[in-house]
Amino acid sequence: MKILIDEGKCVGAGTCVLAAADVFDQRDEDGIVVLLDADPPHTSLPQVRDAAARCPALAIEVVE
Amino acid sequence: MDHIVLVGASAAGLTAADTLRREGFTGTLTMVGDELQLPYDRPPLSKQVLAGDWEPHRSTLRQDTDIQRLDMTLRLGCRATGLDTADRVVTLADGDRLGYDGLIIATGLRPRRLPFGHELAGVHVLRTLDETLTLRAQLLAGPRVVVIGAGFLGSEIAATARGLGLDVTLVDVEPAPMARQVGTWVGGLVGDMHRDHCVRLRMGRHVTGVTGENGRVTAVTLDDGSRLPADVVVVAIGSVPATDWLAASGLPLGDGVLCDRTCRAAPGVYAAGDVANWPHPVAGRRVRLEQRTNATQQAITAAGNLLSGPAEAVPYAPVPFGWTDQYDAKIQTCGWCPSDATVEVVDGDPQARKFVALYKVDGRVVGALGWNSARALREYRGHLTGIDAAR
């Protein structure tokens, strides 16, 4: 699994962190998404997919 | 279930399609939308698209290939005009009748209009991509802009217009911008920010007229007799749920489509997004959320519940989340921020325009607001223990 993020689209809602805290965080200064693990273990796929689905800016792409 | 129809081709409708396919629905999927464009996102319209920072296509929600992968029939540029829940048929403007086993209503909102003035050139509302591009062209041609309504949308339009170097006046009946959404204390800070950017604020004022010459707007008049010269007027005085097409359907309608706690409005019929009104199981009252985050979250729940059936359906109990970007400020809310709440700053400094405030009703925390504090705000979500106390 590969995760691609678009910082230019991210609105800093933090929805991804609520869905998959091991994979996503936010920058302190502006809340923009920080990818903690660009190639996480397969077991976290459901959470990562959920994060991508719930992102209000569609800033996360999951390539399986 | 063989055929599911989605009425509404924006964030909620598209998320419903995604969810249905992801959850294994292999039947026929039809999406109906009254605009011609492929599904696009609305929050960037009043910001990046109106400012010209984004090409319009960047607001498109999915690439063509992703849309194709959903394997659905798109009926774009075609309004749904009626619904028969007994025969399970949606009627379209071109006369077609679509039978369905499952239906998700995600028709969103229509902008509210003033009772006067909209016949004049230069008077605009902003809801769609086309309206945004038309407004942008007008803004580039006329230096004096009056924005009527200082909610989230009006305030964003004012900020974007200032960013384009225009002369902007922002008018609202409330004492401060966004007062209805975040209360007068934070609203006051929003007003200060606009003043710092040289927006003229006319708060606590009613618009009494919009005047024009030769069919084109020239001024807005207020209830104190003042006259605001205008080349362009933007009316952003709120929206109404787009339920007119459901008037004869027998569906329970009120402030939106009245659903149960699982987003179901009738057998096989669910609603999601701006148009859906449902009893929030934690808040303990009916709510309807005009928030982008809700469009996605509610569509995921509604689509899942449609597939699983009433016996397995789960109640929809989100923590509301909204945001606005104006100038260099990102203001985010979670929970409810009612205007009668007590507001307490718990993190940062309002003067530095970086803080988190909690909203309390009867001593219980019902909401939180972050100003340039996205990460800190998230950490306060867990403090929202009194959502049931918010009115």
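Residues numbered from 1 in each chain as written. Chains lettered and ligands numbered in written order. Predicted model: local features only at pLDDT ≥ 70, side-chain atom pairs only at ≥ 80, totals over all residues.

Going by what an unreviewed UniProt entry lists, chain B is known as NAD(P)/FAD-dependent oxidoreductase and is assigned to Streptomyces sioyaensis. Entered under Cofactor (unreviewed entry) in the UniProt record, the comment concerning chain B runs "FAD". (UniProt positions renumbered as here; feature names shortened; annotations may be inferred.)

The name recorded for chain A in an unreviewed UniProt entry is Ferredoxin, from Streptomyces sioyaensis. UniProt, in the comment section headed Cofactor (unreviewed entry), describes chain A in these words: "[3Fe-4S] cluster". Its UniProt record gives chain A a comment under Function (unreviewed entry), which states: "Ferredoxins are iron-sulfur proteins that transfer electrons in a wide variety of metabolic reactions."

Visitor: Outline the overall build of chain B, supporting the account with residue identities and numerical values.
Guide: For chain B, the count of helices and strands is eight helices and 28 strands. Against the 2.2 N^0.38 benchmark of 21 Å for 391 residues, chain B shows a C-alpha radius of gyration of 21 Å, consistent with a compact globule. The dimensions of chain B, computed from C-alpha atoms along their principal axes, are 60 × 55 × 35 Å. Burial status across chain B gives 49% buried among its 391 residues. (Helix = DSSP H or I, 4+ residues; strand = E, 2+ residues; numbered from the N terminus. Rg over C-alpha atoms; globule rule 2.2 N^0.38 Å. Buried ≥ 20, exposed ≤ 12 C-beta atoms within 10 Å, placed from the backbone.)

Visitor: So what about the packing of helix 1 (residues 11-22) of chain B against helix 7 (residues 292-308) of chain B? Which residues, and what values?
Guide: Residue and element names in this part refer to chain B. Between helix 1 and helix 7, the shortest axis-to-axis distance is 8 Å and the interhelical angle comes to 40°. Taken together, the axis directions place helix 1 and helix 7 in an arrangement best described as oblique. By crossing handedness, the relation of helix 1 to helix 7 is classed as right-handed. Across from A11, A12, T15, A16, T19 and L20 in helix 1, the residues of helix 7 making contact are R292, A295, T296, Q298, A299, I300, A302, A303, G304 and L307. (Axes fitted to C-alpha atoms, helices over the stretch in contact; angles between N-to-C directions. Parallel < 35°, antiparallel > 145°, perpendicular 65-115°, else oblique. Left-handed = near helix turned anticlockwise from the far one by under 90°. Contact = placed C-beta atoms within 7 Å.)

Visitor: Describe the domain arrangement of chain B, with residues and values.
Guide: Domain annotation for chain B reports domain 1 (3-110 + 240-312), domain 2 (113-237) and domain 3 (328-384). The distance between the C-alpha centroids of domain 1 of chain B and domain 3 of chain B comes to 31 Å. (Domains from an automatic or database assignment.)

Visitor: Let's hear about the UniProt feature "domain: FAD/NAD(P)-binding" (unreviewed entry) in chain B: which residues, and what values?
Guide: Feature annotation in UniProt places "domain: FAD/NAD(P)-binding" (unreviewed entry) on residues 3-299 of chain B, given in this structure's numbering. Secondary structure content for residues 3-299 of chain B is 26% helix and 32% strand, while the C-alpha to C-alpha distance between its ends is 17 Å.

Visitor: Could you give an account of the pairing of strand 5 (residues 89-92) of chain B, naming the residues involved and the relevant values?
Guide: All names here are of chain B. In terms of strand pairing, strand 4 (residues 80-84) meets strand 5 through four bridges, oriented antiparallel. Looking at strand 5, one finds that D84 is bridged to V89. Between strand 4 and strand 5, which pair antiparallel in sequence order, lie four residues; one of them, R88, sits at a positive phi of approximately 55°. As paired elements, strand 5 and strand 6 (residues 97-99) share three bridges and run antiparallel to each other. Bridge pairing in strand 6 places V90 opposite L98. (Pairing = 2+ DSSP bridges.)

Visitor: With reference to specific residues and values, describe the interface of chain A and chain B.
Guide: Facing 15 residues of chain A, the contacting portion of chain B comprises 13 residues. Looking at the side of chain A that touches chain B, the elements with two or more residues in it are helix 1 (15-19) and helix 2 (45-54) of chain A. Of the residues in the side of chain A that touches chain B, the class split is six nonpolar, five polar and four charged. (Nonpolar A, V, L, I, M, F, W, Y, C, P; charged D, E, K, R; others polar.)

Visitor: Can you lay out the nonpolar core for me, pointing to particular residues and giving the numbers?
Guide: Considering soluble globular proteins, one finds that nonpolar side chains tend to be buried as a cluster. In this structure, A16, I104, V147, V233, V234, A271 and A272 of chain B are the most contacted members of the largest nonpolar core, which totals 133 residues. Once you skip the residues sitting within four places of it in the chain, A272 of chain B turns out to touch A12, A16, I104, A106, C263, Q298, A299 and A302 of chain B. (Core = buried A, V, L, I, M, F, W, Y, C linked by C-beta atoms within 7 Å.)

Visitor: Residues and numbers for helix 4 (residues 129-141) of chain B, please.
Guide: Residue and element names in this part refer to chain B. Helix length check: helix 4, at 13 residues, gives a terminal C-alpha distance of 19 Å against a target of 18 Å (1.5 Å per residue), a fit within 8%. Along helix 4, the positions that sit buried rather than exposed are L129, T132, L135, R136 and L139. Viewed along the axis of helix 4, the buried residues span an arc of 120°, placing them on a single side of the element. In helix 4, the exposed positions that point more than 90 degrees away from the buried face belong to D130, A137 and A141. (Expected span 1.5 Å × (residues − 1). Arc of directions from axis to C-beta.)

Visitor: I'd love a proper account of the sheet that holds strand 28 (residues 364-371) of chain B, names of residues and values included.
Guide: Residues and elements named next belong to chain B. Pairing within the open sheet is antiparallel, and its five strands lie in the order 24-25-28-27-26. If you trace the sheet from one side to the other, it starts and ends with strand 24 (321-326) and strand 26 (342-349), each paired once. Pairs of neighbouring strands in the sheet enclose a mean axial angle of 20°, with direction left out of account. Both strand 27 (residues 354-361) and strand 28 contribute to a ladder of seven bridges, which runs antiparallel. Within the sheet, the bridge partner assigned to Y359 lies in strand 28 and is G367.

Visitor: Outline the environment of P111 of chain B, listing residues and values.
Guide: All names here are of chain B. Locating P111 in the fold gives a position in strand 8 (residues 109-111). In sequence terms P111 and A158 are 47 residues apart; their C-alpha atoms lie 17 Å from each other. Apart from residues lying up to four places away in sequence, P111 is in contact with V125, R127 and S239.

Visitor: Tell me about the sheet that holds strand 6 of chain B, residues and numbers included.
Guide: All names here are of chain B. In space, the three strands of this open sheet follow the order 4-5-6, with antiparallel pairing throughout. With one partner strand each, in any of the chains shown, strand 4 and strand 6 form the two edges of the open sheet. This sheet shows a mean twist of 20° between the axes of neighbouring strands, independent of strand direction.

Visitor: Describe the environment of L50 of chain B, listing the residues and the values that go with them.
Guide: All names here are of chain B. You can see L50 is positioned in helix 2 (residues 45-51). Judged by local crowding, L50 falls into the buried class, with 25 C-beta atoms found within 10 Å. Taking C-alpha positions, L50 is 6.9 Å from L133, a pair spaced 83 residues apart along the chain. Sequence-distant contacts of L50, defined by excluding residues within four places in its chain, comprise L45, T132, L135, R136, I157 and T160.

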